[in-house]
Amino acid sequence: MRRIAFKLQLKPGCLAEYARQHDALWPEMAALIRATGVSDFRIWHDPETDALFCSQLRADDVAADAIRGHPVWQSWQAAMADLLETAPDGTARRWPLNEVFHLP
């Protein structure tokens, strides 16, 4: 297992709706995430910047990255597009984060 982390950027005023959508995460989206070997997926919010910090454990980077081609993932991205900054293809912009310290 490998932990990865990335940042997303909420649009102003969208935290409550973003949290509501995740509290009601589609069962098929949760199943898809798990099926690609992702576990312990966490999201934190920085209230100063509205940035979201995400981390997850991955069993297989190739399988986890392949999620982007799945129709359920694409539908979820479309549902989140009004809440997050997006790339030109309509998916949430992600900024990878590099680990600089770990205290096991």
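Just so you know, these numbers come straight off a predicted model, no measurement behind them.

Scoring rules and cut-offs
Residues numbered from 1 in each chain as written. Predicted model: local features only at pLDDT ≥ 70, side-chain atom pairs only at ≥ 80, totals over all residues. Heavy atoms only, no water. Pairing = 2+ DSSP bridges. Helix = DSSP H or I, 4+ residues; strand = E, 2+ residues; numbered from the N terminus. Axes fitted to C-alpha atoms, helices over the stretch in contact; angles between N-to-C directions. Phe/Tyr/Trp six-rings, centres within 6.5 Å; stacked < 30°, edge-to-face > 60°. Buried < 20%, exposed > 50% of the residue type's maximum accessible area, 1.4 Å probe, protein only. Contact = heavy atoms within 4.5 Å.

Enquirer: Which residues make up the sheet that holds strand β2 (residues 38-46), and what are the values?
Expert: Reading across the sheet, the four strands line up as β2-β3-β1-β4 and stay open at both edges, with antiparallel pairing between neighbours. Only two strands of the sheet have a single neighbouring strand rather than two, namely β2 and β4 (95-97). The sheet shows a mean angle of 25° between the axes of neighbouring strands, direction not considered. Direction of pairing for strand β1 (residues 2-9) relative to β4: antiparallel, over a ladder of three bridges. Within β4, the position partnered with lysine 7 by the bridge is tryptophan 95.

Enquirer: Describe the packing of aromatic side chains, naming the residues involved and giving the relevant values.
Expert: Scanning the entire structure with this criterion turns up three aromatic pairs. On the basis of an interplanar angle of 70° and a centroid distance of 6.4 Å, the ring pair of phenylalanine 6 and phenylalanine 41 is categorised as edge-to-face. Taken together, the residues phenylalanine 6 in strand β1 and phenylalanine 41 in strand β2 connect sequence positions 35 residues apart. A relative accessible area of 36% means that phenylalanine 41 is categorised as partly exposed. Each ring, one from tryptophan 44 and one from phenylalanine 53, has its centre 5.2 Å from the other, and the planes form 35°; the classification is tilted. Look at phenylalanine 53 and you get partly exposed, because its relative accessible area is 34%.

Enquirer: Outline the side chain of glutamine 21, supporting the account with residue identities and numerical values.
Expert: Tracing the backbone through its elements, the reader meets glutamine 21 in helix α1 (residues 15-23). On the basis of relative accessibility, which here comes to 18%, the residue glutamine 21 falls in the buried class. Residues contacting glutamine 21, with those up to four places away along its chain left out, are Trp76, Met80 and Leu83.

Any link to function would need more than the numbers given here.
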